[in-house]
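Geometric and topological summary
Letter by letter, the chains look like this.
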Amino acid sequence: FNGDTFDDLAIGMPYDSPNWWEGDPSTGSVLIIEGANEGLRPSVNPTLNYFLISQSDAQIPDTAEVGDLFGFALAVGNFNGDTQSIGNDVYDFDDLAIGIPGEDGVGAVLILYGSQWNLLFGSSVFLGEWDLGGAPEPGDSFGYALAAADFDGNGADDLAIGAPYKDLGTRSDTGQVTVLYSQFLGPFDLGQTEWWSQVSIYGNGFARDHDHFGAALAGIR
């Protein structure tokens, strides 16, 4: 995430109580462990090698609520295509997408951008179906699954978001996948957002109750 020569590890803990000593309920968090010469070893220097992210942090949007499931799904991609050069090599400032499928009962996704200082809390993007022109309904679980890849080949990774409990028409929990397209050295182009379902791919009659389309996603980077 900080563009050095070492990859880092993000670990989701959707039922964690990040500030349990203050009485925080189980709302979820994400642990980041930074890579180094010796590998993933946070005990080497705990103040520098790992940190926790949750909606209890002041600069993270919204608030920590029971059932949010912050960190239920994770995806890493370079969503704005920024890089830095070290010697003759170029390294991405990778970004982190965090699924929050229980947010407000419908789900949301948080994107944190990488930088030379690691992930930036202050410039995050917080999106739900309501921000994308969709019609969220209770139990959609938007953000249940995530995948990052450069689907349009413009040099910046795009983001696929699963909502496997989305109702479509008279069908219950048939599922839907939303694709957000990134711009090179820019934000997501929300005007290019795509909504995929079995109906949009195969036509009417193919979606069934409880198909859970979008329950798992994978992108090849």
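Residues numbered from 1 in each chain as written. Predicted model: local features only at pLDDT ≥ 70, side-chain atom pairs only at ≥ 80, totals over all residues. Heavy atoms only, no water.

1. Side note on the overall build of the protein
Condition: Labels follow the DSSP assignment, with helices taken as runs of H or I lasting at least four residues and strands as runs of E lasting at least two, numbered in each case from the N terminus. We compute the radius of gyration from the C-alpha atoms alone; for a globule the expected value is 2.2 Å times N to the 0.38, where N is the number of residues. The contact criterion used throughout is that any non-hydrogen atoms of two residues lie within 4.5 Å. Surface accessibility follows the Shrake-Rupley procedure with a 1.4 Å probe radius. Residue values consider only the protein chains on display as shielding. In this count, Lys and Arg are taken as positive residues and Asp and Glu as negative ones, while His and the chain termini are left out. Each charge is placed at NZ for Lys, CZ for Arg, CG for Asp and CD for Glu.
From N to C terminus, the protein includes two helices and 13 strands. A compact globule built from 221 residues would reach a C-alpha radius of gyration of about 17 Å, and the protein, at 18 Å, matches this within 12%. When the backbone C-alpha atoms are referred to their principal axes, the protein occupies close to 55 × 45 × 25 Å. Relative to all contacts within the protein whose residues are 6 or more apart in sequence, the contacts with residues 24 or more apart total 55%. Of the roughly 10500 Å² of accessible surface on the protein, 52% is carried by carbon and sulfur atoms. A distance of 12 Å separates the average location of the 5 positive side-chain charges in the protein from that of its 33 negative side-chain charges.

2. A look at the sheet that holds strand S1 (residues 9–13)
The cut-off we apply is this: Strands were regarded as paired on the criterion that DSSP finds at least two bridges between them. To get an axis, a line is fitted to the C-alpha atoms, and for a helix only the part in contact is used. The angle between two axes follows their N-to-C directions and goes from 0 to 180 degrees.
Here three strands make up an open sheet; going across it, the order is S1-S2-S3 and the pairing antiparallel. Unpaired on one side and paired on the other, S1 and strand S3 (50–53) mark the two borders of the sheet. Strand-to-strand, the axes of this sheet are offset by a mean angle of 20 degrees, without reference to chain direction. Where strand S2 (residues 29–33) lies against S3, four bridges are found, and the strand directions are antiparallel. Each residue of the ladder has a partner; that of Leu31, found in S3, is Leu52.

3. Quick word on the nonpolar core
In globular proteins that are soluble, nonpolar side chains generally tend to be buried together. For the record, the criterion: By nonpolar core is meant a set of buried Ala, Val, Leu, Ile, Met, Phe, Trp, Tyr and Cys residues that side-chain atoms within 4.5 Å join together. Summary of the burial criterion: residues with accessible area below 20% of their type's maximum are buried, those above 50% are exposed, and those between are partly exposed, where the area comes from a 1.4 Å probe applied to protein chains only.
The biggest cluster of nonpolar side chains holds 17 residues, and the ones touching the most others in it are Phe79, Ala97, Val109, Ile111, Leu146 and Leu159. Of all the elements in the fold, those that place two or more residues in this core are strand S4 (73–77), strand S8 (108–113), strand S10 (145–149) and strand S11 (158–163).

4. Describing the sheet that holds S4
What the four strands build is an open sheet, ordered S4-S7-S8-S9; its pairing is antiparallel. In this open sheet, the two strands that pair with only one neighbour each are S4 and strand S9 (120–127). With direction set aside, neighbouring strand axes in the sheet form an average angle of 20 degrees. Judged from the four bridges that link them, S8 and S9 form a sheet pairing that is antiparallel. Bridged to Leu110 within S9 is Phe126.

5. A few points about a nonpolar patch on the surface
To keep it simple, the criterion reads: The residues that make up patches have over 30% relative accessible area and no salt bridge, and they are joined within 9 Å when like-charged or within 5 Å when they are Val, Leu, Ile, Met, Phe, Trp or Tyr. Whenever a carboxyl oxygen of Asp or Glu lies within 4 Å of a side-chain nitrogen of Lys or Arg, that contact is scored as a salt bridge.
A cluster of nonpolar side chains, namely Trp196, Ile201, Tyr202 and Phe206, defines an oily patch on the protein surface of about 440 Å² accessible area. Counting through the fold element by element, Tyr202 comes out in helix H2 (residues 198–202). Note on Tyr202: relative accessible area 54%, which makes it exposed.

6. Points about the environment of Ile201
By secondary structure assignment, the location of Ile201 is in helix H2. Judged by its relative accessible area of 42%, Ile201 is partly exposed. Contact partners of Ile201, with chain neighbours within four places excluded, come to Trp196 and Phe213.

7. Section: the side chain of Asp140
The topology assignment puts Asp140 in the loop between S9 and S10. The class of Asp140 is buried, set by a relative accessible area of 0%. Leave out the neighbours within four places in its chain, and Asp140 touches Gly105, Val106, Glu129, Ala135, Ala163, Pro164, Tyr165, Lys166 and Asp167.

8. A word on unusual backbone geometry
The backbone of Leu69 shows a phi angle near 60 degrees, a positive value even though the residue is not glycine. With a relative accessible area of 18%, Leu69 lands in the buried category. Here the phi dihedral of Asp173 falls at roughly 55 degrees; this positive angle occurs in a residue that is not glycine. By the element assignment, Asp173 lies in the loop between S11 and strand S12 (176–180).

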